[in-house]
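Fold and geometry: a report
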2 protein chains.
Amino acid sequence: MSAAPLPSFTDEPLSLSRQAAAAPEQPISRLMADALDNPKLISLAAGFVDEHSLPCELVKKHVGLLMRDPSEGPRALQYGLAAGDLELRQRIARRYFADAWEQRSEAMLLSTGSNQLLHLISECLMEAGDIVLCAAPTYFVYLAVLRDLGVEAVGVDCDAQGMCPEALQENLDDLTAQGKRQRVKILYLVPYFDNPAGATMPAERREAILEVLRREADGGPPIALLADNAYRDLRYDGQDVPCFLDLGAEPRWTIETGTFSKNLSPGIRVGWGVFPEPLHTALLRRKSVIDFGSPHLSQCLVREILADDELDQHLCDVLRPAYRRKRDAMVEACERWLRPIDGVQFENPGGGLYVWLKVPAPLVTSAGSPLWEACIRNGVLYVPGEFCFASQGAAVQANTMRLSFGVQSENRIAEGIKLLAEAVKAELV
Amino acid sequence: MSAAPLPSFTDEPLSLSRQAAAAPEQPISRLMADALDNPKLISLAAGFVDEHSLPCELVKKHVGLLMRDPSEGPRALQYGLAAGDLELRQRIARRYFADAWEQRSEAMLLSTGSNQLLHLISECLMEAGDIVLCAAPTYFVYLAVLRDLGVEAVGVDCDAQGMCPEALQENLDDLTAQGKRQRVKILYLVPYFDNPAGATMPAERREAILEVLRREADGGPPIALLADNAYRDLRYDGQDVPCFLDLGAEPRWTIETGTFSKNLSPGIRVGWGVFPEPLHTALLRRKSVIDFGSPHLSQCLVREILADDELDQHLCDVLRPAYRRKRDAMVEACERWLRPIDGVQFENPGGGLYVWLKVPAPLVTSAGSPLWEACIRNGVLYVPGEFCFASQGAAVQANTMRLSFGVQSENRIAEGIKLLAEAVKAELV
């Protein structure tokens with residue numbers, strides 16, 4: 001063999017940090033890109049919102065009013081506070097918390113969508129090797145955030161009311177037995193119309209979860225309860241449920257987050273969170289370093305829309321009726337085309353954007369599976385359930401999928417479910 | 001001594017990650033908060049923009065037009081691509097690059113202000129212990145980003161044309177001699193009207209810097225040239241200079257970033273960057289994980305403003321005349337009140353938002369110094385120069401300060417400089 005050539009650097013690209021080199025592509029990004037690229041495909045995958053109910057009139061009106069105001073206009077176009085607009089924080093606190101709203105607004109930070117907060121919170125509370133407990137299934141974008149940080153996710157069994165407190169306690173006892181309890185830093189929940197399962201936790205279930213966390217915090221380091229309330233306002237049936245803080249959760253270890261992406265507009269992109277100290281200060285410092293605060297114009301716009309009950313009018317008059325019809329269209333189509341297939345399971349979600357479907361157990365829904373390919377051929381796209389399960393804890397349910405009724409029209413939802421049912425039947429033969 | 005009590009967890013707060021626990025408060029956040037809290041103080045510290053030239057009319061008009069358009073309105077309020085609006089990327093590429101604009105737009109990502117990119121780039125290219133070369137003085141917020149990542153910053157001597165190529169080469173040779181050359185990952189420059197020194201690199205100086213980087217990339221792993229063009233459009237005298245890519249910088253290791261925060265509005269908050277592979281893909285993945293893409297409404301708004309030369313009109317008719325007057329007011333006041341003091345130095349910046357002032361060497365400008373306290377008593381605030389120096393390389397110039405003419409009126413600028421000069425004279429006695 002000849003001698004190895006001397007190293008040549010003239011074509012060498014920049015080298016990446018270990019973290020950047022290891023970052024996988026987000027499955028959701030690909031699915032979203034597919035959906036944007038291929039308008040013929042009926043995408044029941046992307047978590048986009050309904051286009052026709054986006055608040056164009058409200059945005060036009062309030063940006064117009066703001067910009068006409070000689071002091072508010074320039075203020076909105078200037079840098080804001082790193083914590084976010086104070087008056088908006090107060091309005092959010094009054095809207096979502098039954099009491100102590102002033103305290104809540106002081107403990108609040110605004111962000112560019114609540115996704116940014118999920119990432120920052122995780123970074124500020126955890127090291128690689130720490131553990132997050134989450135529902136099985138859970139929000140898959142959060143699982144990607146955790147992978148990115150080298151944090152382990154452990155799935156906890158759920159039923160139609162969300163995470164089971166007994167299963168949570170069992171998981172904690174197991175982790176204690178393994179000497180890993182000290183590594184458990186966060187319990188992540190989507191307590192309203194969760195993504196992907198559509199379940200909402202009733203007050204009693206929330207109290208049972210709090211009881212588990214209280215016992216844990218008495219006997220060891222507290223576990224942060226991270227309640228992601230993204231879908232709270234998207235309720236189509238029944239009464240609102242109080243959030244954890246209003247149910248007496250200990251503020252010392254409770255984090256509530258929310259967003260105006262689902263109930264108003266993801267293009268405006270304002271998220272919020274309420275945090276205990278010292279996390280609040282740590283997040284504020286981090287936010288100052290990484291982006292200097294979220295866009296002030298977006299915050300001022302949401303602030304003005306919240307001023308006069310216009311968000312509630314929009315929810316009552318436009319958004320909830322539109323989504324209720326779509327939800328009904330999806331559930332009816334599922335009843336008609338899928339229910340007759342032996343082994344199919346789904347619930348009617350009382351809100352949110354998703355129906356969680358189980359197809360008969362021999363079938364597998366994963367990307368690239370025969371069923372997946374058959375659906376693409378038929379012209380319908382779903383999110384494979386496998387994306388929504390942590391790698392540890394409760395087993396992956398390989399026969400599940402997330403169906404979103406947010407984007408498509410009622411007709412296309414019905415058509416999509418029919419095409420899906422045909423693919424399922426064909427694969428079962 | 002009695003036995004230690006058993007550990008009690010009932011009042012224990014959530015514990016922070018090492019990174020979060022170590023994060024110091026950003027000095028700029030405190031200065032900005034001071035400026036916002038205390039309207040009587042003449043703040044020549046905050047890097048805010050001029051309030052009266054913010055484009056309220058343009059924003060009102062284009063949000064109105066967008067929201068009236070039945071397809072563009074809902075699109076603007078929907079999620080966008082993680083990379084950012086394609087048409088806006090194309091318009092930015094056409095605006096700032098003389099050729100290859102299509103390639104540039106494909107290699108571009110949009111962000112929430114360019115600060116977000118500075119952070120993401122640094123995270124994707126470096127590990128703790130890596131090294132960034134930067135000007136002495138340099139943009140202090142970027143120094144905070146580097147501290148946060150555990151990256152070492154090494155300051156390189158500058159003159160009125162920006163970083164000196166000979167000093168750069170010397171620093172690199174020193175680092176090579178110390179066996180640290182492989183840890184040098186980024187050369188950070190603010191080549192137009194830099195923050196804080198106000199210097200712009202002429203084309204020849206840029207070419208000399210490129211020559212150093214080319215030699216380094218031939219003999220070793222390439223160093224990323226990170227050119228932060230935040231102030232390029234804020235030129236009040238003379239002709240524009242081509243950016244590094246247009247001067248033939250190797251795209252494989254060149255990064256150009258820019259923002260619409262300074263030339264349009266920091267409240268809209270749209271930044272951009274052009275990146276080589278594999279960095280571009282890594283950043284895109286990271287952006288998808290951490291915030292899912294920046295606000296689409298902001299991007300659509302900037303896209304529309306860029307469509308019809310309206311940004312250039314705004315720059316020519318409003319922004320440049322307003323800042324030119326302010327710059328003149330500051331320079332004239334400095335000539336009148338400060339120049340007569342023996343040992344004072346400053347240059348007339350041809351653009352940007354800052355005058356870099358040296359007071360006589362025995363004086364120290366640091367926060368809490370007698371001069372600082374005297375200025376606060378007199379009612380004027382500046383950014384101490386010490387914040388703008390890396391902890392390694394070129395020595396801290398303790399007798400410097402950054403003076404911003406962005407926010408205050410011409411009268412208040414003149415008054416502020418007079419108060420500052422009085423404090424300097426009093427401290428010299």
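The model shown is predicted, which means the values in this text are computed figures rather than measured ones.

Conventions we followed
- Residues numbered from 1 in each chain as written.
- Chains lettered and ligands numbered in written order.
- Predicted model: local features only at pLDDT ≥ 70, side-chain atom pairs only at ≥ 80, totals over all residues.
- Heavy atoms only, no water.
- Least-squares fit on C-alpha atoms with pLDDT ≥ 70 in both.
- Axes fitted to C-alpha atoms, helices over the stretch in contact; angles between N-to-C directions.
- Helix = DSSP H or I, 4+ residues; strand = E, 2+ residues; numbered from the N terminus.
- Parallel < 35°, antiparallel > 145°, perpendicular 65-115°, else oblique.
- Contact = heavy atoms within 4.5 Å.
- Pairing = 2+ DSSP bridges.
- Buried < 20%, exposed > 50% of the residue type's maximum accessible area, 1.4 Å probe, protein only.
- Domains from an automatic or database assignment.
- Buried area = accessible area lost by both parts, 1.4 Å probe.
- Salt bridge = Lys/Arg side-chain N within 4 Å of Asp/Glu carboxyl O.
- Polar contact = N/O pair within 3.5 Å; in protein donor to acceptor, adjacent residues only side chain to side chain.
- Nonpolar A, V, L, I, M, F, W, Y, C, P; charged D, E, K, R; others polar.
- Expected span 1.5 Å × (residues − 1).
- Core = buried A, V, L, I, M, F, W, Y, C linked by side-chain atoms within 4.5 Å.

Quick word on the relation of the copies chain A and chain B
In screw terms, the move from chain A to chain B is a rotation of 180 degrees and a rise of 0.0 Å along the axis, fitting with an RMSD of 0.0 Å. Such values leave the two copies arranged in the relation of a two-fold axis.

Section: the packing of helix α3 (residues 56-68) of chain B against helix α12 (residues 296-307) of chain B
Residues and elements named next belong to chain B. Relative orientation of the contacting elements α3 and α12 amounts to 110 degrees, with a least axis distance of 10 Å. The angle between α3 and α12 falls in the class roughly perpendicular. Here α3 contributes L58, V59, H62, V63, L66 and M67 to the contact with α12, which in turn contributes L297, C300, L301, R303, E304 and I305.

Focus: the sheet that holds strand β10 (residues 354-358) of chain A
Residues and elements named next belong to chain A. Reading across from one edge, β10-β14-β12 is the order of the three strands in this open sheet, with antiparallel pairing throughout. For this open sheet the edge positions go to β10 and β12 (383-384), each flanked by a neighbour on one side alone. When β12 meets strand β14 (residues 400-404), the two strands line up antiparallel, connected through two bridges. Of the residues in β14, the one forming a bridge with P384 is M401.

Side note on helix α8 (residues 140-149) of chain B
Three- or four-residue spacings in an α-helix give side chains the same orientation, since the helix completes a turn every 3.6 residues. Residue and element names in this part refer to chain B. Within α8, nine of the 10 residues are buried, which leaves the element mostly enclosed by the surrounding structure. Among the residues of α8, F140, V141, Y142, L143, A144, V145, L146, D148 and L149 are the ones counted as buried. Of the residues trailing α8, G150 is marked for its positive phi of about 70 degrees.

Description of the domain arrangement of chain A
All names here are of chain A. The domains assigned to chain A are domain 1 (18-54 + 313-428) and domain 2 (56-309). Computed over C-alpha atoms, the centres of domain 1 and domain 2 are 25 Å apart. Contacts between the two partners involve 36 residues from domain 1 and, on the opposite side, 39 residues from domain 2. Counting each side, the surface lost to burial between domain 1 and domain 2 is near 3100 Å², with a carbon and sulfur contribution of 58%. The three residues of domain 1 that bury the most area against domain 2 are L54, Y354 and Q392, which together make up 16% of that side's buried surface. Linking domain 1 with domain 2 are one salt bridge, by the criterion used here. With a shortest N-O distance of 2.8 Å, D237 and R327 are connected by a salt bridge. Our count for the domain 1 to domain 2 interface comes out at 17 residue pairs in polar contact (both at pLDDT 80 or more). Listed by contribution, the elements that provide at least two residues to the side of domain 1 that touches domain 2 are α13 (310-338), β10 and β13 (392-393). Here the side of domain 1 that touches domain 2 gets eight residues from one element, more than from any other, and that element is α13. Along the lines of polarity and charge, the residues of the side of domain 1 that touches domain 2 split into 19 nonpolar, 12 polar and five charged.

Some points on the side chain of R327 of chain B
Within the fold, R327 of chain B resides in helix α13 (residues 310-338). Within the local environment of R327 of chain B, its side chain forms a polar contact with the side chain of D328 of chain B, the two groups lying 2.9 Å apart.

Points about the interface of chain A and chain B
Contacts between chain A and chain B engage 90 residues on the former and 89 residues on the latter. Between chain A and chain B, roughly 7600 Å² of surface is buried when both sides are summed, and carbon and sulfur atoms account for 63% of that area. In this assembly, chain A and chain B are joined by four salt bridges. Of the charged contacts, one joins R18 of chain A and E127 of chain B as a salt bridge, the two residues approaching to 3.2 Å between their closest N and O atoms. The interface formed by chain A and chain B includes 26 residue pairs in polar contact (both at pLDDT 80 or more). Taken together, the residues that form the side of chain A that touches chain B break down as 48 nonpolar, 24 polar and 18 charged.

Considering helix α10 (residues 203-219) of chain B
Residues and elements named next belong to chain B. Over its 17 residues, α10 runs 25 Å from end to end, which matches the ideal 24 Å to within 8%, given 1.5 Å per residue. Where α10 is concerned, the buried positions are A203, R205, R206, I209, L210, V212, L213, E216 and A217. The inward-facing, buried residues of α10 abut β4 (152-159), β5 (162-163), α9 (165-177), β6 (184-189) and β7 (224-228).

A look at the sheet that holds strand β14 (residues 400-404) of chain B
Here three strands make up an open sheet; going across it, the order is β10-β14-β12 (chain B) and the pairing antiparallel. A strand with exactly one partner marks an edge of an open sheet, and here the two such strands are β10 (354-358) and β12 (383-384) of chain B.

Observations regarding the nonpolar core
With 306 residues, the main nonpolar core has Y142 of chain A together with Y142 of chain B as its most contacted residues. Look past the residues within four positions of Y142 of chain A in its chain and what remains in contact with it is L118, S122, M126, V132, I186, Y188 and L226 of chain A.

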